[in-house]
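What the coordinates show
Letter by letter, the chains look like this.
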Amino acid sequence: MMKKLILILLLMSTTLFAQVDGGITIPYIDFPMKEGKGVYSTRGKCNMCHSWGYTLNQGLQSKKFWYEKVMKMIIVFKAPIKTQEDIDTVVNYLFENYGNGKLQ
Amino acid sequence: MERRDFFKKAIVVAGSAAVGTSTLDAGETGNPIDNRKVSDVAFPEKRPLITYSDRPPLLETPREVFTSALTPNDLFFVRWHMPMIPKYINPNTFTISINGLVEKEIKVSLKELKTQFKQVELTAVLQCGGNSRTAFKPTAGGIQWGVGAMGCARWKGVRLKDVLKKAGLKKEAAWIGFNGEDKAVYSETANFVRELNLEHLNDNIILAYEMNGEDLPYLNGYPLRLVIPGVYSDSWIKMISNITATKEKQKLHFMEKAYRIPDNECECETPDNLVKKTKPIEEMNVNSIIGYPVTGSKVRNASDLIVRGVAFDGGHGIKKVQISIDGGEMWEDALLNDGSEGKYAYRAFTYAFKPKNSGKLTIMCKATNEKGEEQPFAKDIKWNHGGYKYNGIDKITVEVV
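Basis of the calculations
Residues numbered from 1 in each chain as written. Chains lettered and ligands numbered in written order. Predicted model: local features only at pLDDT ≥ 70, side-chain atom pairs only at ≥ 80, totals over all residues. Heavy atoms only, no water. Helix = DSSP H or I, 4+ residues; strand = E, 2+ residues; numbered from the N terminus. Rg over C-alpha atoms; globule rule 2.2 N^0.38 Å. Buried < 20%, exposed > 50% of the residue type's maximum accessible area, 1.4 Å probe, protein only. Contact = heavy atoms within 4.5 Å. Areas by Shrake-Rupley, 256 points an atom, 1.4 Å probe, with all protein chains shown as cover. Expected span 1.5 Å × (residues − 1). Pairing = 2+ DSSP bridges. Axes fitted to C-alpha atoms, helices over the stretch in contact; angles between N-to-C directions. Buried area = accessible area lost by both parts, 1.4 Å probe. Salt bridge = Lys/Arg side-chain N within 4 Å of Asp/Glu carboxyl O. Polar contact = N/O pair within 3.5 Å; in protein donor to acceptor, adjacent residues only side chain to side chain. Nonpolar A, V, L, I, M, F, W, Y, C, P; charged D, E, K, R; others polar. Parallel < 35°, antiparallel > 145°, perpendicular 65-115°, else oblique. Left-handed = near helix turned anticlockwise from the far one by under 90°. Core = buried A, V, L, I, M, F, W, Y, C linked by side-chain atoms within 4.5 Å.

**Some words on the overall build of chain B**
- A tally of helices and strands in chain B yields 4 helices and 24 strands.
- A compact globule built from 401 residues should have a C-alpha radius of gyration of about 21 Å, and chain B, at 22 Å, falls within 12% of that.
- On the principal axes, the C-alpha backbone points of chain B span a range of 70 × 60 × 45 Å.
- Every one of the 401 residues in chain B was classed for burial, and the buried ones make up 57%.
- Restricting to contacts in chain B with at least 6 residues of sequence separation, those with at least 24 account for 70%.
- Approximately 17,300 Å² of chain B is accessible, and the part contributed by carbon and sulfur atoms is 49%.

**Regarding helix 4 (residues 63–75) of chain A**
Residues and elements named next belong to chain A.
- When the terminal C-alpha atoms of helix 4 are compared, their 18 Å separation across 13 residues agrees well with the 18 Å that a helix rising 1.5 Å per residue should span.
- Residues of helix 4 that are buried include every one of Phe65, Trp66, Val70 and Ile74, and no others.
- The secondary structure elements touched by the buried residues of helix 4 are helix 3 (52–56) and helix 5 (84–98).

**As for the sheet that holds strand 4 (residues 95–100) of chain B**
All names here are of chain B.
- Pairing is mixed in the open sheet, where 5 strands are placed in the order 5-4-13-8-9. Each edge of the open sheet carries a strand with a single partner, namely strand 5 (106–109) and strand 9 (193–197). This sheet shows a mean twist of 20° between the axes of neighbouring strands, independent of strand direction.
- In terms of strand pairing, strand 4 meets strand 5 through 4 bridges, oriented antiparallel. Residue pairing across strands places Thr95 opposite Ser109, the latter belonging to strand 5.

**Overview of the interface of chain A and chain B**
- The interface is formed by 35 residues belonging to chain A together with 50 residues belonging to chain B.
- Surface buried jointly by chain A and chain B totals about 3,800 Å² across both partners, of which 64% is contributed by carbon and sulfur atoms.
- Between chain A and chain B we count 0 salt bridges in total.
- Our count for the contact surface shared by chain A and chain B stands at 15 residue pairs in polar contact (both at pLDDT 80 or more).
- For the side of chain A that touches chain B, the secondary-structure elements that each account for two or more residues are helix 1 (2–17), helix 3 and helix 4 of chain A.
- For the side of chain A that touches chain B, the element with the highest residue contribution is helix 3 of chain A, accounting for 3 residues.
- Residue composition of the side of chain A that touches chain B, grouped by class: 19 nonpolar, 13 polar and 3 charged.

**Structural notes on the pairing of strand 8 (residues 175–180) of chain B**
Residues and elements named next belong to chain B.
- Judged by how many residues are buried, strand 8 sits mostly within the fold: 6 of 6 residues are covered.
- Of the two faces of strand 8, the one holding Trp175, Gly177 and Asn179 and the one holding Ile176, Phe178 and Gly180 are both buried throughout.
- Bridging between strand 8 and strand 9 involves 5 bridges; their strand directions are antiparallel. Bridged to Gly177 within strand 9 is Glu195.

**A few points about the sheet that holds strand 19 (residues 318–324) of chain B**
Residues and elements named next belong to chain B.
- Strand order across the open sheet formed by 5 strands is 17-24-23-19-20, with mixed pairing between neighbours. Bordering the open sheet on either side are strand 17 (298–299) and strand 20 (332–333), each of which pairs with just one other strand.
- Bridging between strand 19 and strand 23 (residues 359–369) involves 6 bridges; their strand directions are antiparallel. Residue pairing for strand 23: Gln322 is matched across the bridge by Lys366.

**A word on the pairing of strand 4 of chain B**
All names here are of chain B.
- The loop that links strand 4 with its antiparallel partner strand 5 comprises 5 residues.
- Pairing between strand 4 and strand 13 (residues 240–246): 4 bridges, direction parallel. Paired with Gly100 across the two strands is Ala245, which belongs to strand 13.

**A look at the packing of helix 4 of chain A against helix 5 of chain A**
Residues and elements named next belong to chain A.
- Contact geometry of helix 4 with helix 5 gives a least axis separation of 9 Å together with a crossing angle of 140°. What the angle tells us is that helix 4 and helix 5 run oblique. Viewed along their axes, helix 4 and helix 5 form a crossing whose handedness is right-handed. Together, Lys63, Trp66, Tyr67, Val70, Met71 and Ile74 of helix 4 and Ile87, Val90, Val91, Asn92, Leu94, Phe95 and Tyr98 of helix 5 make up the contact between the two elements.
- When its residues are assigned to classes, the contact of helix 4 with helix 5 shows 11 nonpolar, 1 polar and 1 charged.

**Some remarks on the nonpolar core**
- Counting 110 residues, the largest nonpolar core has B:Trp155 and B:Leu207 as its most contacted members.
- The dominant element in this core, judged by the number of residues it contributes, is helix 5 of chain A, at 7 residues.
- In this structure, B:Phe349, B:Leu361, B:Cys365 and B:Ile396 belong to the second largest nonpolar core, which totals 20 residues.

**Things to note about the packing of helix 2 (residues 39–46) of chain A against helix 5 of chain A**
Residues and elements named next belong to chain A.
- At a minimum axis separation of 9 Å, helix 2 and helix 5 run at an interaxial angle of 105°. When the axis of helix 2 is compared with that of helix 5, the two are roughly perpendicular. Here helix 2 contributes Val39, Ser41, Thr42, Lys45 and Cys46 to the contact with helix 5, which in turn contributes Asp86, Thr89, Val90 and Tyr93.

**Remarks on the pattern of salt bridges**
Residue and element names in this part refer to chain B.
- Taken as a whole and assessed by the stated rule, the structure comprises 14 salt bridges over all chains.
- The residue Arg63 makes a salt bridge to Asp394 at a minimum N-O spacing of 2.7 Å. Of this pair, Arg63 sits in the loop between strand 2 (57–60) and strand 3 (78–79) while Asp394 sits in strand 24 (residues 394–400), and the two are 331 residues apart along the sequence. With respect to burial, Arg63 and Asp394 carry one shared label: buried.
- Taking the shortest distance from any N to any O, the salt bridge between Glu267 and Lys389 comes out at 3.3 Å. Here Glu267, found in the loop between strand 14 (260–262) and strand 15 (278–280), pairs with Lys389, found in the loop between strand 23 and strand 24; they are 122 residues apart in sequence, far enough to count as distant.

These figures come from the coordinates and say nothing about function on their own.
So, in structure tokens, the structure goes:
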């Protein structure tokens, strides 16, 4: 009886302590990608690790910026973009659809 | 059925935080983008906020919130670096490890933190170094924040110093590295680790478990986060679970490359001539934001209008906030609150006046700190590649009817 009571009290204190009982669920938000050459490949390579919102909310950027971002993802964050062809596809898609028209 | 409705909604929402438009000339800093709407999808423990990403969560507080000295937890901005965030933390088993160059490696539970150390409370502003980045032209790299990547809360926890003392730092320890529970998708990716030089350790740096009298919200780092008053939020590690003392500075991307500005007098550079020598962003510069009215508000001619906002700096304290309603020619002092929350907190301000003419009216605010530093006009702020440390004089435009 006493044991039971202690257990109940323990459980109660846990619930009171944590505001979210049993954890949280982060909602899925769709950030649609612009249609364009390379969209399929880019979706696979970028969105595996983070939302498209993270990419698109960098603003419209130069080709150099997007190239450096992709290289950072590969070198620093170990993104599995292996070939030069894949790098070009992603950079070109980003620049054509989220570019500011400037190469530098 | 419900699910489908949700996705339909989500698509509409996604556009809301899309790339903003600006008509400013290239190269001249303007005011940050100010017309973004909150999402209609709320994140856990939050009200709907301006939503830039769900993975990792990137949420901005709307301007209207900056009328009060404390930012409510459910309106507080959110910025994570890594997309894999634990969705459940058991407060009864959670511990933080202190290791590296210490006499005794220890693990401290939440309960021990709350019972075996001196409990301290302080109020401090948490602001992303890239807050208001949209002011910079050309577009600087990073999330295109408006004015709301900031908030002010009353934090409760224990001094970092006391916890380190319990483990006993070895003489040769010079750097303290902090790591949280968020992870990248690939295990090869380095964690978001930040470091503090021991010379910068002080009594105000705390491991906080409470925010505005409640447990930290998950998205603000439940159950424990680092609070470093006066400096930008890049080192305020969330869900902090590991502290390592080292002799040498570790080689870390997030220390060597990210959150740095040109190490020159103007802290500025140009896109075609980036400065090689850089320094960390660190201390926050003086800033103020008008929370009411906002651009697009309609106010009655000759009515009693009370402008409200908040001002802060890196801990020297706010000396005055001034308001201009003539484009920045004449400035009049706003009333400041009593400042009882301390020098690291927002000072809420008010300014009452009667608009005299109908039509568009621009209201500006400018803060000056105790050091005499004042906010520059937006156009006088020079560019840096990361779009950091914007603190231009704030401005909103209302319609007097």
